[in-house]
Amino acid sequence: MIDSIAKSDKELAAKKEAVRVAQSAYDKASQEYEAAKKEADKLANKVKDLDQSITKSQETIKSLTNRIASNTQIIENNKQVHAQAAKLAARKAFDAQINKALDNVVYGTKTISQHTVKAATVKPAVSTKNTKHALPQTGANDKLSLFAALAGLSLSSIGLGSLVSDKKRRRN
């Protein structure tokens, strides 16, 4: 019996040792499980953060695309405004050239019989290189201008005379 108790004690000690080894293996496996679980949670959080980041990036891309579209419209509008401004500047330059030419016109008085007529003489204001925008030159031939003035005066006096005589006939 003592042998059987000693044998039972040895078996008990061996079993206790096996339980202790199993318990330490279990504890180690539990720790590894907890560490793996924490790592899986961290990875799940990273995936969740990446999904949120992707969503934010897509929203940013959409807003930037909308801004690009509106900026493109603004740029096109500005191009049209600049084109109109260029046309207006060209028109202003042409008007300034005309005004400068008109400023160079000198009016002098010449007496013809009893009437005083203003005849225009023009200083050459436009260079001969650019004849495309040159103003027509009047008064280049003074004899021709004098003849034209006398012809106009005589025609207007004939017209006025016939108008007055016509009104006199109607009164009578």
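All of these numbers come straight from a predicted model, not from anything done at the bench.

Colleague: Break down the overall build of the protein for me, citing the residues and quoting the values.
Modeller: Summing up its helical and strand segments, the protein has two helices and two strands in all. In sequence order, the secondary structure elements of the protein are arranged as α-β-β-α. Relative to its 172 residues, the protein shows a buried fraction of 2%. Across the protein, every contact between residues at least 6 apart in sequence was considered, and the portion connecting residues at least 24 apart equals 26%. When the accessible area of the protein is evaluated, it comes to approximately 15,400 Å², of which 59% is carbon and sulfur surface.

Colleague: Please provide a residue-by-residue account of the pattern of salt bridges, values included.
Modeller: Considering all chains together, one arrives at three salt bridges under this definition. Two residues, Glu 17 and Arg 20, come together in a salt bridge whose shortest N-O distance is 2.1 Å. Residue Glu 17 and its partner Arg 20 are located together in helix H1 (residues 2-103), separated by three residues, close to a single helical turn. With relative accessibility at 37%, the residue Glu 17 sits in the partly exposed group. Salt-bridge contacts for Glu 76 lead to Lys 79; the nearest nitrogen and oxygen are separated by 3.8 Å. Separated by three residues within a single helix, Glu 76 and Lys 79 lie in helix H1, roughly one turn from each other.

Colleague: So, a nonpolar patch on the surface: which residues are in play, and what are the values?
Modeller: A grouping of Leu 146, Leu 150 and Leu 153 is seen on the molecular surface, where their side chains present a nonpolar patch of about 220 Å² in accessible area. Along the chain, Leu 150 falls in helix H2 (residues 142-171). Exposure remark for Leu 150: the relative accessible area of 37% places this residue in the partly exposed category.

Colleague: Explain the confidence of the model for the protein to me, and be specific about the residues and the numbers.
Modeller: Scored by pLDDT, the protein has a mean of 81; 73% of the residues are at 70 or more. Mean pLDDT values for the elements of the protein range from 53 in strand E2 (residues 115-122) up to 92 in H1.

Definitions and limits used
Residues numbered from 1 in each chain as written. Predicted model: local features only at pLDDT ≥ 70, side-chain atom pairs only at ≥ 80, totals over all residues. Heavy atoms only, no water. Helix = DSSP H or I, 4+ residues; strand = E, 2+ residues; numbered from the N terminus. Buried < 20%, exposed > 50% of the residue type's maximum accessible area, 1.4 Å probe, protein only. Contact = heavy atoms within 4.5 Å. Areas by Shrake-Rupley, 256 points an atom, 1.4 Å probe, with all protein chains shown as cover. Salt bridge = Lys/Arg side-chain N within 4 Å of Asp/Glu carboxyl O. Patch = residues over 30% accessible without salt bridge, like charges linked within 9 Å, V, L, I, M, F, W, Y side chains within 5 Å. pLDDT = per-residue confidence, 0-100.

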